[in-house]
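An overview of the molecular structure
Letter by letter, the chains look like this.
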Amino acid sequence: MNNLKLDVADQIAILTISRPGALNALNSETLDELNTVLSEIEARDDVKVVILTGGPDKKDNAFKSFVAGADIAEMVNFSAAEARAFGMRAAEPFFKLMNMRQVTIAAINGFALGGGCEIAMACDIRIASDNATFAQPETGLGIIPGFGGTQRLARLVGMGRAKELIFTCDNIDAAEAYRIGLVNKVVAKEELMDTAKKMASKIISKGSYAVSIAKAAINNGYDMDIKNAVEMEANLFGITCSTHDKTEGMSAFLERRAADLTDF
Ligand code: CO8
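Note that this is a predicted model, so its numbers are computed, not measured.

Around the ligand, the structure places 25 residues, and the nearest of them are Ala68, Ala70, Ile72, Ala83 and Gly115. The backbone of glycine 21 places a nitrogen or oxygen atom 3.4 Å from an oxygen atom of the ligand. A distance of 2.9 Å is found between a nitrogen atom of the ligand and a backbone nitrogen or oxygen belonging to isoleucine 72. When the ligand is considered free in solution it has 1,100 Å² of accessible area, and contact with the protein chains removes 66% of it. Taken together, the elements giving at least two residues each to the shell around the ligand come down to α2 (72-75), α3 (80-99), β6 (111-113) and α4 (115-122). The element that contributes the greatest number of residues to the shell around the ligand is α3, accounting for three residues. Of the residues contributing to the shell around the ligand, the split by class is 14 nonpolar, six polar and five charged.

Written out as structure tokens, the structure reads:
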């Protein structure tokens with residue numbers, strides 16, 4: 001991979017977007033690499049959580065950007081058809097982040113602008129460093145958020161705030177992103193990766209198959225009417241009741257011992 005780095009340890013995959021000369025902006029090659037590597041990760045039983053983050057900048061090697069957006073130099077001459085294809089090229093890996101059986105955490109270590117904010121929103125959980133900046137600057141470039149931003153931002157922070165951010169292109173800092181519900185947590189930048197890994201380890205300590213089924217239940221039910229959604233949940237609950245982990249987890253509780261949860 002030219003633009004991604006993958007490190008796996010302790011059942012956690014750290015996936016680093018690394019385009020040091022472009023503040024990790026997403027070009028076609030990066031999106032394709034992301035699509036491939038996410039499929040490979042989903043097939044691995046030794047990875048339970050994926051942490052997505054940004055690599056250092058080339059100028060001073062400092063971690064100042066998560067992802068500074070889609071690659072403007074690539075987009076500048078797009079025809080309407082090429083732009084649509086580019087949007088769909090991102091949609092596939094973004095849906096993988098959202099729906100893969102592993103939990104995905106965005107560790108946002110700086111600029112999360114345009115497509116950077118959008119890829120973070122495709123993850124299950126967002127943790128930001130206190131130097132992170134968020135914005136949807138697209139309308140200032142004469143385009144709209146095209147990597148799912150008009151849809152996912154409204155779902156996360158509500159329609160009014162999403163419209164304000166998209167219409168004004170305002171930058172917001174990590175504290176404001178937390179206040180409006182765009183991120184789950186804000187920590188000092190030195191603590192970002194440790195915090196993300198600690199959360200990952202806590203998630204891994206639970207029943208991994210149950211976590212992945214809970215993720216599917218939340219995602220699938222979100223856009224359903226409540227009656228069908230609760231029925232779908234009951235069906236998935238039934239599936240979790242047929243697992244080794246359910247027998248082991250409940251027996252361990254009754255026998256006052258630690259559970260050995262192994263399903264995935
Ligand atoms: N694309 C390409 N290159 C970029 C991008 C980007 N999004 N952001 C930064 N770079 C490059 C710069 O051109 C520069 O390259 P070089 O050194 O060769 O000139 C290098 O990264 C460093 O950037 P700066 O010198 O500008 O660094 P500063 O610290 O001065 O500024 C900023 C940092 C404020 C982040 C600034 O770089 C900036 O404003 N970047 C653009 C942010 C932006 O507008 N992002 C949104 C892009 S549009 C988008 O994401 C649309 C998504 C949906 C597309 C759907 C298509 C269908």
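After that view of the structure, there is still more to cover.
Pairing within the open sheet is mixed, and its four strands lie in the order β4-β6-β8-β9. Whereas interior strands pair on both sides, the edge strands pair on one side only; in this sheet they are β4 (65-67) and β9 (172-173).

By the criterion of burial, α4 is predominantly enclosed, with eight of the eight residues buried. Among the residues of α4, those classed as buried are Gly115, Gly116, Cys117, Glu118, Ile119, Ala120, Met121 and Ala122.

Now for the pairing of strand β3 (residues 49-54). For a regular strand, the rule is simple: side chains alternate between the two faces of the sheet. With six of six residues buried, β3 lies mostly within the body of the structure. Both faces of β3 are covered, namely the face carrying Val49, Ile51 and Thr53 and the face carrying Val50, Leu52 and Gly54. Bridge analysis of strand β2 (residues 12-17) against β3 gives six bridges, and the strand direction is parallel. Opposite isoleucine 12, over in β3, you have valine 49 as the bridge partner. In this fold, β2 hands off to helix α1 (residues 28-42), which returns the chain to β3; that crossover is right-handed. Relative to strand β5 (residues 103-108), β3 is paired through four bridges, and the arrangement is parallel. Residue pairing in the sheet places leucine 52 in a bridge with alanine 106 of β5.

The next subject is the side chain of asparagine 35. Tracing the sequence through the fold places asparagine 35 in helix α1. Looking at asparagine 35, the relative accessible area reads 16%, which means it is buried.

When you line up the elements, alanine 177 lands in helix α7 (residues 174-179). Remark: the alpha-carbon pair of alanine 177 and alanine 135, spanning 42 residues in sequence, is separated by 9.7 Å. Residue contacts for alanine 177: discarding those within four places in its chain leaves Phe134, Ile172, Leu182 and Val183.

Of all hydrophobic cores here, the largest spans 45 residues; its most connected members are Leu15, Leu52, Phe66, Ile108, Ile119, Phe134 and Leu182. Excluding residues within four positions of it along the chain, leucine 52 makes contact with Leu15, Ile17, Leu34, Phe66, Leu97, Ile105, Ala106, Ala107, Ile119 and Cys123. Val49, Ile127, Val187 and Leu192 belong to the second largest nonpolar core, which has 16 residues in total.

Now for the packing of α3 against α4. For any two helices packed against each other, one specifies the inter-axial angle together with the distance between the axes. Closest axis-to-axis distance for the α3/α4 pair is 8 Å, and the angle between their directions is 35°. Two secondary-structure elements touch here, α3 through Phe94, Leu97 and Met98 and α4 through Gly115, Glu118, Ile119 and Ala122. Residues belonging to the contact of α3 with α4 are distributed by class as follows: five nonpolar, one polar and one charged.

Relative to the helices and strands, threonine 240 is located in helix α10 (residues 226-240). Leaving out residues up to four positions away in the same chain, threonine 240 has contacts with Ile213 and Lys246.

This paragraph deals with the packing of aromatic side chains. A full pass over the atoms with the stated rule returns three aromatic pairs. Centroid distance phenylalanine 86 to phenylalanine 147: 5.4 Å. Interplanar angle 55°. Geometry classified as tilted. Of this pair, phenylalanine 86 sits in helix α3 while phenylalanine 147 sits in the loop between β8 (133-135) and α5 (149-157), and the two are 61 residues apart along the sequence. Each member of the pair phenylalanine 86 and phenylalanine 147 is classed as buried. Members of the aromatic cluster, joined through ring pairs, are Phe78, Phe86, Phe94 and Phe147. For lysine 48, the ring lying beneath its charged end belongs to phenylalanine 264, and the centroid distance is 5.3 Å.

Residue position: arginine 155 is located in helix α5. Non-local contacts of arginine 155, meaning those with residues more than four positions away in its chain, are made with Tyr222 and Asp223.

Rules used in this analysis
- Residues numbered from 1 in each chain as written.
- Predicted model: local features only at pLDDT ≥ 70, side-chain atom pairs only at ≥ 80, totals over all residues.
- Heavy atoms only, no water.
- Near = heavy atom within 4 Å.
- Polar contact = N/O pair within 3.5 Å; in protein donor to acceptor, adjacent residues only side chain to side chain.
- Areas by Shrake-Rupley, 256 points an atom, 1.4 Å probe, with all protein chains shown as cover.
- Helix = DSSP H or I, 4+ residues; strand = E, 2+ residues; numbered from the N terminus.
- Nonpolar A, V, L, I, M, F, W, Y, C, P; charged D, E, K, R; others polar.
- Pairing = 2+ DSSP bridges.
- Buried < 20%, exposed > 50% of the residue type's maximum accessible area, 1.4 Å probe, protein only.
- Right-handed = clockwise from strand over helix to strand, strands pointing away.
- Contact = heavy atoms within 4.5 Å.
- Core = buried A, V, L, I, M, F, W, Y, C linked by side-chain atoms within 4.5 Å.
- Axes fitted to C-alpha atoms, helices over the stretch in contact; angles between N-to-C directions.
- Phe/Tyr/Trp six-rings, centres within 6.5 Å; stacked < 30°, edge-to-face > 60°.
- Lys NZ or Arg CZ within 6 Å of the ring centre and 35° of its normal.

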